Amino acid sequence: MSLWKIAWRSIQQRAFVSGLTALSMGLGVALVVSVLVVYGVVAQSFHRGGEGYDLIIGAKGGKEQLVLNTVFYLSEPVGNIPYSLYEDLTDGKLAPYVDLAIPVCMGHSYQGFRVVGTVPEMFTELKYRGDQSYEFGQTADGRPGGGKGENFKSENPFDAVMGSTAAVRTHLQVGEEFQAVHGSGEGGHVHQQRFHVVGVLAPTGTPVDRAIFVNMKGFFEIHGMEGTAAHKEHAGAHEGHGVHDEHDEEAKQITAILVCCKQPNPSRFADVVAGVINKGPTAQAVQPIRVIADLFEGIVGKLEWVLLGMAVLTVIVAGISIMVSIYNSMSDRRHEIAVMRALGARRVTVMVIILLESILLSLLGGGLGLLLGHGMIGACSSVIVNWTGVDIGLLQFQKIELFLVPGLLLLASAVGYLPALAAYRTDVAQSLTNTP
Amino acid sequence: MLHLRELKKTFRQPDGTELHVLDIADYHVGAGEQVVMVGESGCGKTTLLHVIAGISRPDSGKVRVDDWEITLMPEAECDCFRAERIGYVFQTFNLLPGFTALENVLLSMRFSRRRLDKHRARQLLTRVGLSHRMTHRPTMLSVGEQQRVAVARALANKPKLLLADEPTANVDAGNQQHILDLIRETCKEENVALIMVTHSQEVAKQFSRIDRLQEFNRAAVHQ
Ligand SMILES: Nc1ncnc2c1ncn2[C@@H]1O[C@H](COP(=O)(O)OP(=O)(O)O)[C@@H](O)[C@H]1O
Ligand SMILES: [Mg+2]
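Quick look at the structure, then. Everything numeric in this text was worked out from a predicted model, so none of it was measured. (Residues numbered from 1 in each chain as written. Chains lettered and ligands numbered in written order. Predicted model: local features only at pLDDT ≥ 70, side-chain atom pairs only at ≥ 80, totals over all residues. Heavy atoms only, no water.)

Section: the overall build of chain A
(1) Moving on: Scanning chain A from N- to C-terminus turns up 13 helices and 14 strands.
(2) Moving on: For chain A, buried positions account for 50% of its 436 residues.
(3) Moving on: Taking the intrachain contacts of chain A between residues at least 6 apart in sequence as the baseline, contacts between residues at least 24 apart amount to 79%.
(4) Moving on: About 20,500 Å² of surface is accessible on chain A, with carbon and sulfur atoms providing 60% of the total. (Helix = DSSP H or I, 4+ residues; strand = E, 2+ residues; numbered from the N terminus. Buried < 20%, exposed > 50% of the residue type's maximum accessible area, 1.4 Å probe, protein only. Contact = heavy atoms within 4.5 Å. Areas by Shrake-Rupley, 256 points an atom, 1.4 Å probe, with all protein chains shown as cover.)

Okay, structure coming up:
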């Protein structure tokens, strides 16, 4: 007959009220858990975009804008950089440091989704979320990812690959064609050239899902034609494609370059490359992970504390309801406590029993809250995967949850203290005489 | 075994005046002795038992059980002493409603420094005729059965002294004699001294030693 059991029995005795107070604690804890998990999901999906490469090189200007533009396909397009910079990285003086460089071109869209010109290596060489490979067809772990078709080929300039969300929303399937629009809005100029969808990517949970990728050659070509159309009067000199290409090669511009640096020390090499680029007159190099972390901290970092503060307040209110419930029961229990004292229980013992009762109720509520919180999140996980691509399992715990148990113990002791003190001070002889 | 000397207990009443309840020069109960104590309602019988058990502290005087001077003990030690040496049976049973019959007996063991002895708890409940009621809650027991559990609980820690405050007053007439016999027999078996307070002539006349509190309590004279 441990003191725990004695405390548990008195909870059982008032099962209904105890259940309600534990439930209110549970709801508070569930709220804390959901805030933590949801925030974790948001943070993960946000940070994830910048994983997979070490540097982004783009036109000089705001770092944030470059990252928003190239990683998240958001914000106004930034200026361009010369194609020669890309060649510097692949064949020039910076090549020894660079493992992989992927050029990207922007400035077009289809039904609101960015059309990004790039090279096939974007999906064969580049990884996302650290070590995941892009998939067409099934995902690596055998889940049917909804991906179909195959990657576009370098030699087919008008091939296109759809991000999974873009494919779903635009209803474009493998084999179908679309015309890109100049700019990002609806009202832009529609290019005559049609792109041919050859593949749909499996969901990645990154911004890639919300974009359309075309062969960079085709991208340049529609620009070239544009040029041809716009300057027909004095561009009559163009006769053959060969000449046209020659001409474009010089003026070719790209929006950004995604760079992976060489092993064994990619981050140091990234510093070297960034140093050289940033000294130059035309471009800047940024580390996407760092910029994203700063952006995130600036935008939603404070929000976490506000949400958490509100959730913790809920838990404290629940704690107070435990105190009220135990304290209210003290008038009935003064007699019981007196009987225990008459049987030889010390003051401290009856005090501890009441404290344990408060702790049991809090932990019970806390356990309930964990179940409820993770259960709720687990039930919503398929929706969350669809929206953000972040797969939160039923039991994906956040590190902060480890503080929940000591936190609850502290709270329980604090709210149990007042009723425990009342138990400590019970006048035995008097309470025995006042039979209930 | 029990020895009281120059014991005084006064209550301060709400109107500020003092109520002298106990003033006992000398009182003695031998080991294993069975004493019945009678006296008018309000003459201080319950207060006296509380003082003997260390539940209330006297204003002055000495309470000695065996060689232990409990009036000198610090409170926590006095609580332990009560748990281990003194059994108490109440007029209103005072079983803890959340616990089974067996747990009520074990609870009493829990508050002493001795180890829980489930075997003894079962043995005691069997002795009081409740082998088939061990896992019943007090509310599921008749008043007679409840008081029998209380007797078993009071004897759980092999006390030297059992204090019974009108133990049969709230029991139905048919069970009174049974409870009385049970208390006296078990005390005899375990060699426990017994002080039983009663209002009932029927009960009192069965004891060879009858103490009238008013006769040796000098405070009672002034009432
Ligand atoms: N805590 C207390 N405060 C004030 N008076 C008390 C208190 N406890 C008992 N009394 C008074 O002391 C007297 C003796 O009470 P009690 O010992 O219960 O009598 P008995 O058990 O003999 O009927 C009564 O007059 C009672 O009102
Ligand atoms: Mg009385």
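A closer look at the state of the cysteines
Put plainly, two cysteines are in a disulfide when a covalent bond ties their sulfur atoms together.
(1) Moving on: The tally for this structure, following the rule as stated, stands at 0 disulfides over all chains.
(2) Moving on: Of the cysteine sulfurs around B:Cys78, a residue in no disulfide, the closest is that of B:Cys80, at 9.7 Å. (Disulfide = S-S within 2.5 Å.)

Observations regarding the nonpolar core
(1) Moving on: Core analysis: the largest hydrophobic core is formed by 125 residues, its most contacted members being B:Leu2 and B:Leu125.
(2) Moving on: Setting aside chain neighbours within four positions, we find B:Leu125 in contact with B:Ala101, B:Leu102, B:Val105, B:Leu130, B:Ser131, B:Met134, B:Val149 and B:Ala152.
(3) Moving on: Grouped together as the second largest cluster of nonpolar side chains are 77 residues, A:Ile102, A:Tyr128, A:Phe152 and A:Ala167 included. (Core = buried A, V, L, I, M, F, W, Y, C linked by side-chain atoms within 4.5 Å.)

A look at the site of ligand 1
Residues and elements named next belong to chain B.
(1) Moving on: Every residue close to ligand 1 is listed here: Phe 11, Leu 19, Val 21, Glu 40, Ser 41, Gly 42, Cys 43, Gly 44, Lys 45, Thr 46 and Thr 47.
(2) Moving on: Within the backbone of Cys 43, a nitrogen or oxygen atom sits 3.3 Å from an oxygen atom of ligand 1.
(3) Moving on: Interatomic distance of 2.8 Å between a backbone N/O atom of Lys 45 and an oxygen atom of ligand 1.
(4) Moving on: Taken by itself ligand 1 offers 560 Å² of open surface, and the protein chains cover 68% of this.
(5) Moving on: Taken together, the elements giving at least two residues each to the shell around ligand 1 come down to β2 (18-29) and α1 (45-53).
(6) Moving on: Here the shell around ligand 1 gets 3 residues from one element, more than from any other, and that element is α1.
(7) Moving on: Of the residues belonging to the shell around ligand 1, the class tally is 4 nonpolar, 5 polar and 2 charged. (Near = heavy atom within 4 Å. Polar contact = N/O pair within 3.5 Å; in protein donor to acceptor, adjacent residues only side chain to side chain. Nonpolar A, V, L, I, M, F, W, Y, C, P; charged D, E, K, R; others polar.)

Observations concerning the interface of chain A and chain B
(1) Moving on: In this complex, chain A contributes 25 residues to the contact, which on the side of chain B involves 26 residues.
(2) Moving on: With both sides pooled, the region where chain A packs onto chain B buries about 2,300 Å², and carbon together with sulfur makes up 65% of that total.
(3) Moving on: The interface formed by chain A and chain B holds 5 salt bridges in total.
(4) Moving on: Notably, a salt bridge pairs A:Arg347 with B:Glu75, separated by 2.6 Å at the nearest N-O pair.
(5) Moving on: Applying the counting criterion to the chain A and chain B interface returns 8 residue pairs in polar contact (both at pLDDT 80 or more).
(6) Moving on: When residues of the side of chain A that touches chain B are traced back to their parent elements, those giving at least two are α1 (3-13), α10 (288-342), α11 (347-388) and α13 (428-433) of chain A.
(7) Moving on: Residues that form the side of chain A that touches chain B fall into these classes: 11 nonpolar, 8 polar and 6 charged. (Buried area = accessible area lost by both parts, 1.4 Å probe. Salt bridge = Lys/Arg side-chain N within 4 Å of Asp/Glu carboxyl O.)

Remarks on a nonpolar patch on the surface
(1) Moving on: On the surface, A:Phe16, A:Val17, A:Leu20, A:Leu23, A:Leu27, A:Leu368 and A:Leu372 cluster together into a nonpolar patch covering about 620 Å² of accessible area.
(2) Moving on: Element by element, the count of residues in the nonpolar patch is highest for helix α2 (residues 15-48) of chain A, at 5 residues. (Patch = residues over 30% accessible without salt bridge, like charges linked within 9 Å, V, L, I, M, F, W, Y side chains within 5 Å.)

Re the pairing of strand β9 (residues 177-182) of chain A
Residues and elements named next belong to chain A.
(1) Moving on: Looking at chain direction, strand β3 (residues 98-110) and β9 are connected through 2 bridges and run antiparallel. The partner of His 108 across the bridge, within β9, is His 182.
(2) Moving on: Direction of pairing for β9 relative to strand β10 (residues 190-200): antiparallel, over a ladder of 4 bridges. Looking across to β10, one finds that Phe 178 is bridged to Phe 195. (Pairing = 2+ DSSP bridges.)

Some details on unusual backbone geometry
(1) Moving on: Across the junction of A:Gln263 and A:Pro264, the peptide omega takes the value 5 degrees, indicating a cis bond.
(2) Moving on: By the secondary structure assignment, A:Pro264 is in the loop between β13 (256-261) and α9 (266-279).
(3) Moving on: The phi dihedral of B:Phe93 falls on the positive side, at around 65 degrees, and the residue is not glycine.
(4) Moving on: Its location among the elements puts B:Phe93 in the loop between β6 (86-89) and α3 (101-110).
(5) Moving on: On the basis of relative accessible area, B:Phe93 is assigned to the buried category, the value being 7%.
(6) Moving on: Of note in the backbone geometry, B:Asn191 takes a positive phi value of approximately 55 degrees without being a glycine.
(7) Moving on: Along the chain, B:Asn191 turns up in the loop between α6 (173-189) and β8 (193-197).

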